[in-house]
Each structure stands twice: as C-alpha cells, then as structure tokens.
Amino acid sequence: MNSPLPSKQIFTKESLKKQFRLSEFLAEKVISFVAFLSIAIIFLIFIFVFKESMPLFSFGKKDKVKTEIQTTSDVKVESYEGAETSTEEIQPETYGAPTEDLNPVTQETQTSEELEPDTYGAPTEDLNPETATGKEVIIDEKATENKEGADRTWSTFFSTEWVPVSDNPRFGLLALLVGTLKVTIIAILIAGPLAILAAVYTSCFASNRRKEIIKPIIEMLAAFPSVVIGFFAMMVLATFFQDIFGYDSRLNAFIGGVAMALAAIPIIYTISEDALSAVPKTFTEASLALGASKAQTAFFVILPAATPGIFAAILLGIGRVFGETMIALMATGNAALLSANPFESVRTFAATIGSEMAETVFGETHYSVLFFIGSLLFIFSFILNAVAEFYVKGKLIKKFQGK
Amino acid sequence: MRDIKIEVKDLSLYYGDKKALKEISMQIPANKVTALIGPSGCGKSTFLRCINRMNDLIPSVKITGEMLVEGVDIYNKDVDVVNIRKKIGMVFQKSNPFPKSIYENIAYGPKINGIKDKAQLNEIVETSLRQAAIWDELKDRLDDSAMGLSGGQQQRLCIARTLAVSPDIILMDEPASALDPISTSKIEELVHELKEQYTIIIVTHNMQQAARTSDYTAFFYLGELIEIGKTNTIFTKPEQKQTEDYITGRFG
Ligand SMILES: Nc1ncnc2c1ncn2[C@@H]1O[C@H](COP(=O)(O)OP(=O)(O)OP(=O)(O)O)[C@@H](O)[C@H]1O
Ligand SMILES: [Mg+2]
C-alpha cells in the first residue's frame with residue numbers, strides 16, 4: 001500500500017489521455033446521418049401519403065358547419081348548390097361507366113348496382129328540382145353532403161360496394177379488404193408450406209452441391225419482375241386451372257393467389273432458410289447422437305428452434321402479397337365483388353390504387369380515398385414488419401438464453 | 001482382456017487430404033471404463049466420433065479400416081446409422097441442450113423412440129436426472145428453458161439426456177471440463193456406477209480423473225495410438241517413453 005510508484009511508469013495520465021480520432025469521428029457522423037436520412041425519408045413518404053387523405057378526416061367537420069349555415073340561409077342557394085354538384089357528378093358517371101364495363105363484371109354487381117342507387121341516388125335526383133317544402137330540404141341537405149363525398153364517405157367505407165366513379169360514389173373498403181384478404185390468404189397458404197418445406201429440405205437434407213444449385217434458383221425468382229409473373233398467371237395459369245376446376249371467371253382470387261405465391265415463395269424461402277441454417281449445428285449433432293433420424297431432427301429440433309425466423313418470413317411474405325400491385329392488376333380479375341368464393345374475381349387495395357390513380361382528379365374524394373388506402377397499406381406493412389422484428393427478437397432471446 | 005465390446009482394426013480417418021487418425025487398432029472391453037488421453041489435437045474426439053459414426057456428418061471425412069462392435073462392422077453398407085446411434089450414445093465436449101424446456105430435453109430421446117405414455121416419460125426423466133446428479137437442483141423447474149442453466153448444469157443435463165435413451169455404449173468427450181470439483185466428482189461416481197450396465201469411453205485431459213475413473217487407458221499422440229493398457233499399468237510403468245513423458249507432465 002505505502003510502496004512508492006515504480007520509477008518507470010507505463011500507465012500515466014499522459015499516455016492514457018483521451019484522443020480525438022478525426023476519421024473515426026467523421027465515419028460515425030456520416031453513417032448516423034445516412035441512417036437518420038433513410039428513417040426520415042420513410043417518415044416523409046408516409047406523411048405525404050397520409051396528408052393527401054386528410055380531407056377525408058376534415059370534411060366531416062366542415063360539412064357540419066356548412067349544413068348549419070345552410071339551414072339558416074336561403075333555401076334556394078342550397079338547392080342551387082345541389083343542382084350544380086349533381087351536374088358535375090353526372091359527367092364522371094358517364095366517364096366511369098366504360099371503365100366498369102371493361103372489368104369482367106358479373107351479373108351480380110350490375111343488379112346490386114341498380115338496386116343500391118334506389119336508396120341513395122334516387123332521392124337526390126328526384127328531390128333536387130323540388131325544394132319548396134321544408135321537409136324535403138332536410139333530405140336534400142343529406143343529398144348534397146353525399147354528393148360532395150363528405151363524411152358520408154366514411155359510412156360508405158363499410159358498405160359492400162366499390163363504385164368510386166358514379167353519380168353517387170360508394171367507397172366500400174370492405175369489398176376491397178375482403179378481396180385483399182382472400183388473395184393474401186390463398187397466396188400464403190400456397191407459398192408458406194412450399195417455401196418452408198423447400199427451406200427445410202435445403203438446410204437439413206440436401207447435400208452441399210444440391211444446396212448450391214437450389215438456393216440461387218429459388219432466390220432468382222425474387223428478382224423476377226412481377227409483371228412477368230402476372231403475365232404468366234394471366235395467360236397460362238388461368239387457363240390451366242380453369243380446365244381443372246371449371247369455374248366461371250377466368251381471372252379470380254385463386255389465380256391471383258397462385259401468382260402472388262410465386263412472388264412470395266422466394267422471400268419466405270430465403271428468410272426461413274437463413275433461420276434454419278442459423279440453428280447451431282450442435283443441436284443437430286445432439287439429436288442425431290440420440291438416435292433420431294434426419295427427418296425427426298429436422299422437424300422436432302431444427303424447425304422448432306427456427307420458428308421465430310420462420311414466423312417473420314411468413315409475415316414478410318404477407319407484406320409482399322399485400323402490397324403487390326402488378327400481379328393483382330393482371331391476375332385477379334379486378335372486380336370488387338364481395339363474396340367468400342375463392343373463384344370469384346376480386347380487387348385488392350394495391351390494385352385499386354394502381355388502376356384508379358390515373359383517373360382521379362386532384363382533391364376529389366376518390367383521390368383522398370385512394371391515398372387513405374395507401375396509408376392503410378403503409379401502416380399495415382409497418383405493423384407486420386414491427387411485429388416480425390420484435391416477436392423474433394423476444395422469442396430468440398428467450399429461446400437461446402433462457403429466461 | 002476377456003469380454004471385447006469394440007474391436008478397431010486399422011482404422012484411418014482423413015479430413016480431406018489430412019490424415020487425422022493413423023491405422024488405429026485396439027480392443028475396448030465391455031462394462032469397463034476406457035479413458036482416452038493425449039495432447040490437444042491428437043485425434044481423441046475424432047476417434048470417439050468414429051465409434052457412433054458422427055463423422056458421417058462431415059462431408060470431407062473418409063474412413064478406412066474396420067470398427068467392429070460385438071463383431072459387426074458398423075461401417076458396413078447395410079448398417080443403419082440411426083440404429084447405431086440409438087445404442088451408442090454420446091456426450092459432447094461442449095454442452096448442447098436443445099432450446100426446449102428441461103423436461104422436453106430429456107423426454108425427446110424416449111419420445112422419438114416411440115414412448116408416448118406420460119407416466120413412463122415422467123419416470124424416465126426423473127431417473128435420468130437423478131443418475132446425472134442434477135435432479136435435486138432441477139426438479140422444481142422442469143418447465144424452464146434448458147438454455148438458462150449454468151454450463152455445468154447444462155452438461156449434466158446432456159448426460160441425463162443420453163442416459164434417457166438407455167444406450168449400450170456411452171461416449172463422453174471431456175464431460176467434466178466445465179464442471180466444478182463437486183459436480184466433477186459426482187460425474188465420476190456416476191461413471192463408476194454406470195459401468196455395471198454400460199461400456200463407457202471417456203476422453204479427458206485430467207490425468208487424475210483418468211486414473212480415478214478408468215479401468216483401461218489409451219494414449220493418443222498425433223493421430224496415432226501409442227499405447228493402451230490397464231490404467232494402473234499405464235500410469236505406473238508405461239511401455240512407451242512418450243506415454244510416460246505425457247503422464248508425468250514432461251511433455252514436449
Ligand atoms: N471438422 C474438421 N475438419 C478438418 N480437420 C479437423 C476437423 N475436426 C478436427 N480436425 C483436425 O483433426 C485433428 C484432431 O482433432 P480432434 O478434435 O480429434 O482433437 P482432440 O484430441 O479432441 O483435441 P482436444 O483435446 O483439443 O479436444 C486436429 O488436428 C484437428 O485440426
Ligand atoms: Mg476434443
């Protein structure tokens with residue numbers, strides 16, 4: 001304790017002094033800047049997409065104010081407004097009609113389209129000319145609201161029809177949601193097992209040489225342009241499966257799902273394969289040393305150990321299918337029908353944006369709704385990724401480090 | 001030596017072009033403990049892994065010669081490697097429990113061998129853990145993840161897991177290298193008890209351990225078997241100079 005310091009000191013305050021390393025400092029700054037920039041860009045994209053759908057949220061309030069003023073103000077002005085909007089909206093209808101005809105609309109929608117307007121559209125047309133009695137004014141108010149695509153839009157979100165361009169637009173997101181879910185479920189039901197089994201095969205059974213052949217080939221599918229997959233599905237798969245199942249509409253949710261599965265397989269495969277290969281070889285050895293066969297080892301030891309990664313793979317596959325536009329446009333038939341039948345044409349969220357964005361007018365409700373759908377897609381994929389990330393992290397830590 | 005369990009004839013092993021085992025010939029008696037000693041990298045683990053064909057997993061490995069277990073060459077084409085490993089269990093140098101619960105770790109072997117009865121499984125789990133001297137520590141936390149155990153506990157769990165499939169021969173690769181003296185002596189006692197039923201081959205770097213636990217000792221050096229004999233003989237008056245140098249620590 002009381003011995004003096006050695007004569008030749010190695011650990012002096014001088015030699016241990018903090019040093020400033022310029023290159024390291026710069027590198028760190030640049031890297032962190034790039035990282036923050038990418039986060040900012042993602043954030044800005046979302047802000048932009050969401051901003052464009054804002055009118056949907058503010059219209060409701062404005063409209064209430066408007067109607068309040070309207071009830072106090074002269075009735076004639078109001079009817080005027082109503083007439084104007086109606087003429088405005090008639091034009092888009094003629095506009096919209098051909099596009100609807102292009103879609104392989106079956107009998108069902110046409111009849112329902114004819115029925116629905118009776119409840120919504122008919123009164124507006126009938127009442128507009130006669131605005132004399134106070135009773136009808138109130139109804140008329142509602143009609144104008146509806147025409148302006150105001151907060152009425154929100155209630156149509158839950159309707160079953162997607163008729164954005166018409167005298168009386170209905171934005172039935174429900175039909176689109178069901179369509180999207182149908183395609184997604186079909187795609188994942190096909191792609192999931194195929195991709196996971198392929199991954200199990202390559203990582204647990206295949207010889208190194210086969211692995212080196214199979215892996216790049218499946219991964220190459222990921223680089224396939226989706227337009228090519230869509231084309232293939234439209235021209236080849238559709239006919240092929242129609243011959244087998246004999247359904248009516250050639251392009252439908254099932255064909256869309258099969259085509260999307262082709263797009264999702266490489267993603268699910270690659271990530272599952274990585275997860276399976278990351279399982280330490282010592283587990284394999286331990287299992288084999290206990291007299292387990294290769295298959296038992298693969299399915300009872302390696303696969304369970306890799307579940308978090310495989311779960312993430314499936315989530316990312318869902319994300320891919322959910323956001324896939326081109327294949328949906330080409331292979332699903334693109335008609336927003338609400339039904340549980342997998343062999344019925346459907347329209348997905350992404351395809352709706354893809355096909356209708358060019359036809360909308362800036363600032364219109366339809367335009368806002370499309371951006372709203374965009375935000376939904378964004379939020380959904382964000383949630384999927386977040387869940388994949390955090391679930392996997394949590395599970396992995398628990399698995400490999402105990403509690 | 002009377003009752004021969006394993007007879008090795010001119011066994012050579014290549015990792016690619018590198019010859020890691022050079023014409024090993026030896027006999028391993030039944031119901032005895034045989035210790036393999038030798039400096040690091042001399043091929044003890046490699047030889048041990050030959051006995052239950054774990055080296056099959058390494059694509060570059062080539063093996064020549066014969067490995068006769070009760071007179072049957074286990075490298076014969078008609079022999080099913082899974083059946084070999086059911087009868088020849090192995091405890092690895094590094095503990096490697098599955099990322100499952102403690103219970104599932106032990107029950108895995110019996111389950112894949114077709115035992116489904118819950119009560120029977122419970123019994124196997126308990127006896128195996130007791131044999132491996134870890135039952136008292138773990139009996140209240142059988143459902144916890146095995147990955148949360150300490151290194152020594154993990155190793156004893158792995159021993160219990162091997163015992164649960166009741167093999168005939170047990171290969172142990174430095175099973176006590178990560179254990180404290182108390183658990184080490186427990187393992188040594190365990191080895192002593194087990195040799196009634198099993199043939200045990202144990203790799204160790206600890207000379208005292210080899211002397212205490214084994215009946216026979218084989219000394220490996222640079223992929224060659226230098227000498228094998230009764231442990232007493234090897235440790236008191238070995239025939240080879242190299243053996244003596246190694247045992248007395250005058251090595252190199
Ligand atoms: N998978 C492998 N591929 C190539 N060479 C290997 C492989 N495993 C071991 N070897 C080589 O074989 C030789 C014997 O290795 P082995 O692991 O059998 O030694 P050991 O006696 O068990 O050593 P230790 O006491 O350190 O465990 C070493 O030279 C090693 O480099
Ligand atoms: Mg070793």
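Per an unreviewed UniProt entry, the recorded name for chain B is Phosphate ABC transporter ATP-binding protein, and the organism is Flavobacterium gawalongense. Taken from UniProt, the Subcellular location (unreviewed entry) comment for chain B reads in full: "Cell inner membrane". Check the Function (unreviewed entry) section of the UniProt entry for chain B; it says "Part of the ABC transporter complex PstSACB involved in phosphate import. Responsible for energy coupling to the transport system."

Per an unreviewed UniProt entry, chain A goes by the name Phosphate transport system permease protein and belongs to Flavobacterium gawalongense. Taken directly from UniProt, the Subcellular location (unreviewed entry) text for chain A runs: "Cell membrane". Under the heading Sequence similarities (unreviewed entry), UniProt records this for chain A: "Belongs to the binding-protein-dependent transport system permease family. CysTW subfamily."

When helices and strands are tallied, chain B shows 10 helices and 10 strands. The C-alpha radius of gyration computed for chain B amounts to 18 Å, which stays within 12% of the reference 18 Å derived for 252 residues, consistent with globular compactness. Across its three principal axes, chain B shows a C-alpha extent of roughly 50 × 45 × 35 Å. Contacts in chain B between residues far apart in sequence, at least 24 positions, make up 67% of those at least 6 positions apart. Taking the 32 positively charged and 34 negatively charged side chains of chain B as two groups, their mean positions are separated by 2 Å.

As recorded in UniProt, the feature "domain: ABC transmembrane type-1" (unreviewed entry) lies at residues 177–388 of chain A. In this annotation, residues 177–388 of chain A is assigned 78% helix and 0% strand; the end-to-end C-alpha distance for the span is 22 Å.

This paragraph deals with the interface of chain A and chain B. It is common to report an interface's size as the accessible area lost on association of the parts. Counting residues at the interface gives 24 residues for chain A, matched by 26 residues for chain B. Both faces considered, chain A and chain B share a buried interface measuring about 2,000 Å² in area, 66% of it formed by carbon and sulfur atoms. When residues of chain A are sorted by the area they lose upon contact with chain B, Glu-285, Ala-289 and Leu-290 of chain A head the list and together hold 32% of the total. Where chain A touches chain B, the interface holds one salt bridge. Taking the shortest distance from any N to any O, the salt bridge between Glu-285 of chain A and Arg-49 of chain B comes out at 3.2 Å. Contributions of two or more residues to the side of chain A that touches chain B are made by α12 (281–289), α13 (294–305) and α17 (365–401) of chain A. If one sorts the elements of the side of chain A that touches chain B by residue count, α12 of chain A sits on top with seven residues. Broken down by class, the residue content of the side of chain A that touches chain B amounts to 11 nonpolar, nine polar and four charged.

Moving on, we get to the UniProt feature "domain: ABC transporter" (unreviewed entry) in chain B. Feature annotation in UniProt assigns "domain: ABC transporter" (unreviewed entry) to the following positions: residues 6–247 of chain B. Helix makes up 38% of residues 6–247 of chain B and strand makes up 27%, while its end C-alpha atoms are separated by 25 Å.

Attention shifts here to the site of ligand 1. Residues and elements named next belong to chain B. Around ligand 1 there are 14 residues in total, and Ser-40, Lys-44, Ser-45, Thr-46 and His-205 lie nearest to it. A distance of 3.1 Å separates an oxygen atom of ligand 1 from a polar backbone atom of Gly-43. Burial of ligand 1 by the protein chains amounts to 65% of its free accessible area of 630 Å². Every element with two or more residues in the shell around ligand 1 is listed here: β2 (18–29) and α1 (44–51).

This next bit is on the sheet that holds strand β7 (residues 169–173) of chain B. Residues and elements named next belong to chain B. Reading across the sheet, the six strands line up as β6-β7-β8-β3-β9-β10 and stay open at both edges, with mixed pairing between neighbours. Every interior strand has two partners, whereas the edge strands, β6 (88–91) and β10 (224–230), have only one. Neighbour to neighbour, the strand axes of the sheet diverge by 15° on average, direction disregarded. As paired strands, strand β3 (residues 33–37) and strand β8 (residues 199–203) are joined by four bridges and run parallel to one another. Residue pairing across strands places Leu-36 opposite Val-203, the latter belonging to β8. Against the sheet, helix α6 (residues 151–164) touches β6 and β7, its axis set at about 175° to β6. Across the sheet, helix α10 (residues 241–248) touches β3, β9 (216–221) and β10, and the angle it forms with β9 is around 100°.

Turning to the packing of helix α8 (residues 173–205) of chain A against α13 of chain A, a few remarks are in order. All names here are of chain A. Interhelical geometry of α8 versus α13 gives an angle of 115° and a closest axis separation of 11 Å. By the criterion of interaxial angle, the relationship of α8 to α13 is roughly perpendicular. Viewed along their axes, α8 and α13 form a crossing whose handedness is right-handed. Counted together, Ile-196, Leu-197, Val-200, Cys-204 and Phe-205 of α8 and Lys-294, Ala-295, Ala-298, Phe-299, Ile-302 and Leu-303 of α13 form the full contact between these two elements. Residue composition of the contact of α8 with α13, grouped by class: 10 nonpolar, no polar and one charged.

The terminal C-alpha atoms of helix α14 (residues 307–323) of chain A lie 24 Å apart, and with 17 residues this matches the ideal 24 Å at 1.5 Å per residue to within 8%. Where α14 of chain A is concerned, the buried positions are Pro-308, Gly-309, Ile-310, Ala-312, Ala-313, Leu-315, Gly-317, Ile-318, Gly-319, Val-321 and Phe-322 of chain A.

All names here are of chain B. With distances of 1.8 to 2.6 Å, the protein atoms coordinating the magnesium ion (ligand 2) are Ser-45 (OG) and Gln-93 (OE1). Of this pair, Ser-45 sits in helix α1 while Gln-93 sits in the loop between β6 and α3 (102–112), and the two are 48 residues apart along the sequence. By relative accessible area, Ser-45 is classed as partly exposed at 22%.

Before going further, it helps to spend a moment on the packing of aromatic side chains. The full count for this structure, using the stated rule, is 18 aromatic pairs over all chains. Aromatic side chains Phe-322 of chain A and Phe-380 of chain A sit 3.9 Å apart centroid to centroid with 20° between the ring planes, which places their arrangement in the stacked category. With Phe-322 of chain A in helix α14 and Phe-380 of chain A in helix α17, the pair connects residues that are 58 residues apart, well separated along the chain. Taken together, a centroid distance of 4.9 Å and an interplanar angle of 65° make the contact between Phe-98 of chain B and Tyr-108 of chain B edge-to-face. Separated by 10 residues along the polypeptide, Phe-98 of chain B in the loop between β6 and α3 and Tyr-108 of chain B in helix α3 bring together distant segments of the chain. Judged by its relative accessible area of 4%, Tyr-108 of chain B falls in the buried class.

What counts as what
- Residues numbered from 1 in each chain as written.
- Chains lettered and ligands numbered in written order.
- Predicted model: local features only at pLDDT ≥ 70, side-chain atom pairs only at ≥ 80, totals over all residues.
- Heavy atoms only, no water.
- UniProt positions renumbered as here; feature names shortened; annotations may be inferred.
- Helix = DSSP H or I, 4+ residues; strand = E, 2+ residues; numbered from the N terminus.
- Rg over C-alpha atoms; globule rule 2.2 N^0.38 Å.
- Contact = heavy atoms within 4.5 Å.
- Lys, Arg positive; Asp, Glu negative; His and termini not counted.
- Charge placed at Lys NZ, Arg CZ, Asp CG, Glu CD.
- Buried area = accessible area lost by both parts, 1.4 Å probe.
- Salt bridge = Lys/Arg side-chain N within 4 Å of Asp/Glu carboxyl O.
- Nonpolar A, V, L, I, M, F, W, Y, C, P; charged D, E, K, R; others polar.
- Near = heavy atom within 4 Å.
- Polar contact = N/O pair within 3.5 Å; in protein donor to acceptor, adjacent residues only side chain to side chain.
- Areas by Shrake-Rupley, 256 points an atom, 1.4 Å probe, with all protein chains shown as cover.
- Pairing = 2+ DSSP bridges.
- Axes fitted to C-alpha atoms, helices over the stretch in contact; angles between N-to-C directions.
- Parallel < 35°, antiparallel > 145°, perpendicular 65-115°, else oblique.
- Left-handed = near helix turned anticlockwise from the far one by under 90°.
- Expected span 1.5 Å × (residues − 1).
- Buried < 20%, exposed > 50% of the residue type's maximum accessible area, 1.4 Å probe, protein only.
- Donors = N, O, S within 2.8 Å, 3.2 Å for Na, K, Ca; no water.
- Phe/Tyr/Trp six-rings, centres within 6.5 Å; stacked < 30°, edge-to-face > 60°.

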